[in-house]
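Residue strings, one per chain:
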Amino acid sequence: MNISVELTFSPLQDTFEEHIINFIKKLRASGLTILENPLSTQVYGDYDTVMAVLNTEIKEAFELMDKGLLFMKIVKSDRSDYEPHF
């Protein structure tokens, strides 16, 4: 089963850029399909693979910061090829 996940990661501290950059670099290195924009990062792939990568990387990111917030949306389908038709 394929899924699409949208993540918005917000460390709640003054030094946040390094945490976000490291998190995104780890996702890029996972081999999953990753799309980024200024507001969020999208991850696409097999459910078990995506969730295993996210479980590891979210835990590590949270351990490296004092406080943080992560918004996550999951869609049951791979929407990586979505193109607006209007």
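Heads up: the structure comes first, above all this text.
Below or above, wherever it landed, is the structure these notes cover. (Residues numbered from 1 in each chain as written. Predicted model: local features only at pLDDT ≥ 70, side-chain atom pairs only at ≥ 80, totals over all residues. Heavy atoms only, no water.)

1. What to know about the side chain of glutamine 42
Test applied: Helix and strand assignments come from DSSP, with helices taken as H or I runs of at least 4 residues and strands as E runs of at least 2, each series counted from the N terminus. Within 3.5 Å is the distance limit for a polar contact, defined as a pair of N or O atoms, with the added protein rule that one can donate a hydrogen and the other accept it, and that residues adjacent in sequence qualify only through two side-chain atoms. It only takes one pair of heavy atoms within 4.5 Å for two residues to be counted as in contact.
For glutamine 42, the location among the structural elements is in strand β3 (residues 41-46). Engagement of the side chain of glutamine 42 in a polar contact is seen with the side chain of serine 40, the distance being 2.7 Å. Apart from residues no more than four positions distant in its own chain, glutamine 42 is found in contact with Val5, Glu6, Thr33, Ile34, Leu35, Glu36 and Asn37.

2. Structural notes on the packing of aromatic side chains
Where we set the bar: In this analysis, rings of Phe, Tyr and Trp, with Trp reduced to its six-membered ring, are considered paired at centre separations within 6.5 Å, and the interplanar angle assigns stacked below 30 degrees, edge-to-face beyond 60, and tilted for intermediate values. The buried label goes to any residue with under 20% of its type's maximum accessible area, the exposed label to any with over 50%, and the partly exposed label to all in between, with areas taken from a 1.4 Å probe on protein chains only.
A full pass over the atoms with the stated rule returns two aromatic pairs. On the numbers, 4.9 Å between centres and 40° between planes, the contact of phenylalanine 9 with phenylalanine 23 is tilted. Linking phenylalanine 9 in strand β1 (residues 2-11) with phenylalanine 23 in helix α1 (residues 17-29), this pair joins segments that are 14 residues apart in sequence. Residue class for phenylalanine 23 comes out buried when judged on its relative accessible area of 5%. Centroid distance phenylalanine 9 to phenylalanine 62: 6.4 Å. Interplanar angle 45°. Geometry classified as tilted.

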